[in-house]
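Architecture and fold: a report
So you can see what is in the structure, the chains are spelled out below.
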Amino acid sequence: MIQTLANKITEQLFENGEAKEIFEIHKYGIEVMISTTFNFLLLIIIGYMSGRLVDACLYFLLFGFIRKLSGGYHCLTYFKCISLHVSLFVFYVFTYQHYVNFKMIIFILTMIIFIWLSPINMRELNNKELRLYKRWSLFIVLLLMFLSFLIVYDEIIVYVLFVVSILMLVCIKKK
């Protein structure tokens, strides 16, 4: 569905018969925009309905940002990706009250996993880029851990770090 819609939109944009490689690049960008928008809207709806709207926004932003730096498991289709991402948030909605009890354990495990694996499953990076991504991902994790002790939304921070860590481990298992 997403690919079909993106193809139709891209065809409308390129009625003049642009080069095939430019068409494909734009089509992929539109696919990603549609997928991301649909994913975000589902999270907003679920967040609103569950009374966890701010958590839904933080989940979307933190998850995307951390995954950009750390890498991890990637689904093969947009449907699977959106389904997994939304399902993980729904799971959070039902279990969020328990994460604070395990905050320190999750933080220690997260740091070990990030030190060991980050960045994982990323495009080909040279050694300098790998070190840069590792430093940034560790810095962000430490910053979020620190913030979780200062702000009200510590459950979602703990949960996002936990989920990204698990997805990094799943990526290793898949390899």
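Before going into details, it helps to say that this report is about the structure given with it. (Residues numbered from 1 in each chain as written. Predicted model: local features only at pLDDT ≥ 70, side-chain atom pairs only at ≥ 80, totals over all residues. Heavy atoms only, no water.)

Another aspect to go through is the pattern of salt bridges. Applying the stated criterion across every chain, the model contains two salt bridges. Note that Asp55 and Arg52 form a salt bridge whose closest N and O atoms lie 2.5 Å from each other. You can call Asp55 buried: its relative accessible area is 2%. The class for Arg52 is buried, based on a relative accessible area of 18%. Between Lys103 and Asp154 there is a salt bridge whose closest N-O contact spans 3.2 Å. With Lys103 in helix α5 (residues 103–117) and Asp154 in helix α7 (residues 154–174), this residue pair connects regions lying 51 residues apart in the sequence. Exposure class is identical for Lys103 and Asp154. Each is buried. (Salt bridge = Lys/Arg side-chain N within 4 Å of Asp/Glu carboxyl O. Buried < 20%, exposed > 50% of the residue type's maximum accessible area, 1.4 Å probe, protein only. Helix = DSSP H or I, 4+ residues; strand = E, 2+ residues; numbered from the N terminus.)

This part takes up the layout of surface pockets. Roughly 1200 Å³ of internal volume is contained in the largest pocket. Lining the largest pocket are 34 residues, with Ser35, Thr36, His74, Tyr78 and Cys81 positioned closest to its centre. Here the element with the most residues in the lining of the largest pocket is helix α4 (residues 78–95); it accounts for nine residues. Counted by class, the lining of the largest pocket contains 20 nonpolar, eleven polar and three charged residues. (1 Å grid on protein atoms, 1.4 Å probe; cavity = no way out; pocket = protein on both sides within 12 Å on 5 of 7 lines; lining within 4 Å. Points joined across faces, edges and corners; volume = space filled by probe spheres on them. Nonpolar A, V, L, I, M, F, W, Y, C, P; charged D, E, K, R; others polar.)

Under the counting rule described, the total for this entry stands at nine aromatic pairs. For the pair Phe107 and Phe149, a centre-to-centre distance of 6.0 Å together with 65° between the ring planes defines the contact as edge-to-face. Here the residue Phe107 occupies a position in helix α5, and Phe149 occupies one in the loop between α6 (127–148) and α7, the gap between them amounting to 42 residues. Among the aromatic residues, those joined into a ring-pair cluster are Tyr59, Phe63, Phe89, Tyr92, Tyr96 and Tyr159. Above the face of the Tyr96 ring, Arg52 is positioned so that its terminal group lies 3.8 Å from the ring centre. (Phe/Tyr/Trp six-rings, centres within 6.5 Å; stacked < 30°, edge-to-face > 60°. Lys NZ or Arg CZ within 6 Å of the ring centre and 35° of its normal.)

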